[in-house]
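# Structural characterization, general
Below are the chains, spelled out letter by letter.
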Amino acid sequence: MWRMDRLDRKILSVLQADARASLQEIGNAVALSPSPCWGRIKTMEEAGVIEGYTVRLNAKALDLNDTVLVQVTLDSHSDNTLEKFGEMLASIPEVIEAHLVSGDYDYLLLREKLYKIKGIRHSRSSFVLRTLKKADLPLFAQ
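## Observations regarding the nonpolar core
Nonpolar side chains in soluble globular proteins tend to end up buried together. Grouped together as the largest cluster of nonpolar side chains are 12 residues: Leu7, Ile11, Leu12, Val14, Leu15, Ala21, Ile26, Val30, Cys37, Ile41, Met44 and Ile50. A total of 5 residues in this core trace back to one element, the largest contributor, which is helix 1 (residues 6-17). Counting residues in hydrophobic clusters, the runner-up holds 10 residues, among them Val70, Val72, Phe85 and Ile117.

Now the structure itself:
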């Protein structure tokens, strides 16, 4: 069974800093030639460690200045209700994250359009005034 090692973590660190880095650049950063780097990257993709490659957008540059955190309580907690609620959330592009959570509320969402979904018993919203730390910071340091 495959296990992540120090070199894999270094490769992940390089990719998190720049997912567009060439195999040559990654190899130079981790002291490997491009071919073994490619093999390790493919192995991590196949193992599900690397889920994909994305582009980070600047919300302000796109006039998307408001971030709203919404806590939601549903009327029902049946598997069917949770599945349908999840499907509805997936269909709303303004919902950029959704988490089923423990505590007083059922879900924590980042949203704009939400209140058309049936089955919401209660919600509470908070506008983000300033972001102090973003979740897309590197998980692996070199």
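## Section: the pattern of salt bridges
For the structure on display, the rule yields 3 salt bridges. Asp5 is paired through a salt bridge with Arg40; the nearest N and O atoms lie 2.9 Å apart. Here Arg40 lies in helix 3 (residues 34-46) and Asp5 lies in the segment before helix 1, a separation of 35 residues in the sequence. Residue Arg40 is classed as partly exposed on the basis of its relative accessible area of 23%. One network of salt bridges, with partners in common, ties together Asp5, Asp8 and Arg40.

## Some thoughts on unusual backbone geometry
Backbone geometry at Ala31 places phi at a positive 60 degrees, although glycine is not the residue there. Summarising the element assignment, Ala31 is placed in the loop between helix 2 (23-30) and helix 3. Residue classification places Ala31 among the exposed residues on the basis of a relative accessible area of 70%.

## Some words on helix 1
Residues spaced three or four apart along an α-helix face the same direction, because each turn holds 3.6 residues. Counted at 1.5 Å a residue, the expected span for helix 1 with its 12 residues is 16 Å, and the 17 Å between its end C-alpha atoms agrees. Within helix 1, burial applies to Leu7, Asp8, Ile11, Leu12, Ser13, Val14 and Leu15. N-capping of helix 1 is provided by Asp5, with a side-chain oxygen placed 3.1 Å from the backbone N of Leu7.

## Topic: the packing of helix 1 against helix 3
Taken N-terminus to C-terminus, the directions of helix 1 and helix 3 make an angle of 85 degrees; their axes are 10 Å apart at the nearest point. Our classification of the angle between helix 1 and helix 3 gives roughly perpendicular. In this structure, helix 1 contributes Leu7, Asp8, Ile11, Leu12 and Leu15 to the contact, and helix 3 contributes Cys37, Arg40, Ile41 and Met44. Partitioned by chemical class, the residues of the contact of helix 1 with helix 3 number 7 nonpolar, no polar and 2 charged.

## Re the side chain of Thr73
Residue position: Thr73 is located in strand 1 (residues 68-74). The buried category is assigned to Thr73, whose relative accessible area is 10%. Contacts of Thr73, omitting those with residues within four sequence positions, involve Asp104, Tyr105, Asp106, Gly119, Ile120, Arg121 and His122.

So, how was this worked out
- Residues numbered from 1 in each chain as written.
- Predicted model: local features only at pLDDT ≥ 70, side-chain atom pairs only at ≥ 80, totals over all residues.
- Heavy atoms only, no water.
- Core = buried A, V, L, I, M, F, W, Y, C linked by side-chain atoms within 4.5 Å.
- Buried < 20%, exposed > 50% of the residue type's maximum accessible area, 1.4 Å probe, protein only.
- Helix = DSSP H or I, 4+ residues; strand = E, 2+ residues; numbered from the N terminus.
- Salt bridge = Lys/Arg side-chain N within 4 Å of Asp/Glu carboxyl O.
- Expected span 1.5 Å × (residues − 1).
- Polar contact = N/O pair within 3.5 Å; in protein donor to acceptor, adjacent residues only side chain to side chain.
- Axes fitted to C-alpha atoms, helices over the stretch in contact; angles between N-to-C directions.
- Parallel < 35°, antiparallel > 145°, perpendicular 65-115°, else oblique.
- Contact = heavy atoms within 4.5 Å.
- Nonpolar A, V, L, I, M, F, W, Y, C, P; charged D, E, K, R; others polar.

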